[in-house]
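Analysis of the macromolecular model
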Amino acid sequence: MNAKKIEERVSELPKQNDQHKTILIVDDEQSIREVLITFFDEQGYDVLTANDGREGIALFESNPTDIVITDIVMPRVEGIETIRKIRKLSRTVKIIAMTGYVDSYLKEAMILGADDSINKPFNTEDLMAVVNRVNAG
Ligand SMILES: [Mg+2]
């Protein structure tokens with residue numbers, strides 16, 4: 001391919017600034033998925049969702065996202081295993097763990113590769129603060 005052809009090809013690619021950040025939400029609760037889809041969509045993110053860890057890991061494998069927010073307590077594959085597997089697939093993805101259960105789950109999540117965590121229930125302002133923190137870090 002000559003230089004001109006390459007230049008044409010490159011100019012067809014979407015500009016970096018035009019690309020939306022992508023986020024994967026993994027939670028077995030439909031209401032949480034719905035709230036977070038709406039919220040992150042409004043924030044300009046392209047949002048993917050999965051109902052449990054198994055689905056989340058498979059989805060991340062085919063569509064790696066910039067950020068993953070995962071619940072901990074889920075059927076089939078739970079969040080701790082999900083974090084471990086997704087961290088193996090990508091060293092750069094920002095991973096946020098969330099749970100309404102004991103803090104020790106969140107500590108384990110951080111040890112296994114989460115960048116940050118949030119306790120449920122939370123409001124979207126609190127969540128955005130965590131997202132901004134991982135994006136800055
Ligand atoms: Mg759950």
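Residues numbered from 1 in each chain as written. Predicted model: local features only at pLDDT ≥ 70, side-chain atom pairs only at ≥ 80, totals over all residues. Heavy atoms only, no water.

In this section: the overall build of the chain. The number of helices and strands found in the chain is six helices and five strands. The linear arrangement of helices and strands in the chain, starting from the amino end, is α-β-α-β-α-β-α-β-α-β-α. By sequence separation, contacts in the chain at least 24 residues apart represent 59% of the contacts at least 6 residues apart. Carbon and sulfur atoms make up 49% of the accessible area of the chain, which amounts to about 8200 Å² in all. (Helix = DSSP H or I, 4+ residues; strand = E, 2+ residues; numbered from the N terminus. Contact = heavy atoms within 4.5 Å. Areas by Shrake-Rupley, 256 points an atom, 1.4 Å probe, with all protein chains shown as cover.)

Here we take up the pairing of strand β1 (residues 22-26). Taking burial as the measure, the five residues of β1 include four buried ones, the bulk of the element. Relative to strand β2 (residues 46-50), β1 is paired through five bridges, and the arrangement is parallel. Directly across from L24, in β2, lies its bridge partner L48. In this fold, β1 hands off to helix α2 (residues 30-42), which returns the chain to β2; that crossover is right-handed. As paired elements, β1 and strand β3 (residues 67-71) share four bridges and run parallel to each other. Of the residues in β3, the one forming a bridge with I23 is I67. (Buried < 20%, exposed > 50% of the residue type's maximum accessible area, 1.4 Å probe, protein only. Pairing = 2+ DSSP bridges. Right-handed = clockwise from strand over helix to strand, strands pointing away.)

This part is about the nonpolar core. Ranked by internal contacts, the top residues of the largest apolar core, which has 18 residues, are V68, I72, I83, I86, I95, A97 and A109. For this core, the secondary-structure elements that each account for two or more residues are β1, α3 (53-62), α4 (79-89), β4 (94-99) and α5 (103-111). Broken down by element, the residue count for this core peaks at three residues, all from α4. In this structure A109 touches I72, I80, I83, A97 and A114, once residues within four positions along its chain are discounted. Core analysis: the second largest hydrophobic core is formed by 17 residues, F40, Y45, I118 and L127 among them. (Core = buried A, V, L, I, M, F, W, Y, C linked by side-chain atoms within 4.5 Å.)

For the magnesium ion, the full set of protein donor atoms is D28 (OD), D71 (OD) and V73 (O), and the range of their distances to it is 2.0 to 2.2 Å. Each donor residue of the magnesium ion lies on one chain, and together they are spaced D-x42-D-x1-V. With D28 in the loop between β1 and α2 and V73 in the loop between β3 and α4, this pair connects stretches of sequence that are 45 residues apart. A residue is classified by how much of its surface remains accessible, and D28, at 33% relative accessible area, is partly exposed. Taking the relative accessible area as the measure of exposure, V73 reaches 32% and is therefore partly exposed. (Donors = N, O, S within 2.8 Å, 3.2 Å for Na, K, Ca; no water.)

For the rest of this paragraph, the subject is a nonpolar patch on the surface. Taken together, the side chains of V73, Y101, V102 and Y105 define a hydrophobic patch exposed on the protein surface, amounting to about 360 Å² of accessible area. By the element assignment, Y101 lies in the loop between β4 and α5. Note on Y101: relative accessible area 52%, which makes it exposed. (Patch = residues over 30% accessible without salt bridge, like charges linked within 9 Å, V, L, I, M, F, W, Y side chains within 5 Å. Salt bridge = Lys/Arg side-chain N within 4 Å of Asp/Glu carboxyl O.)

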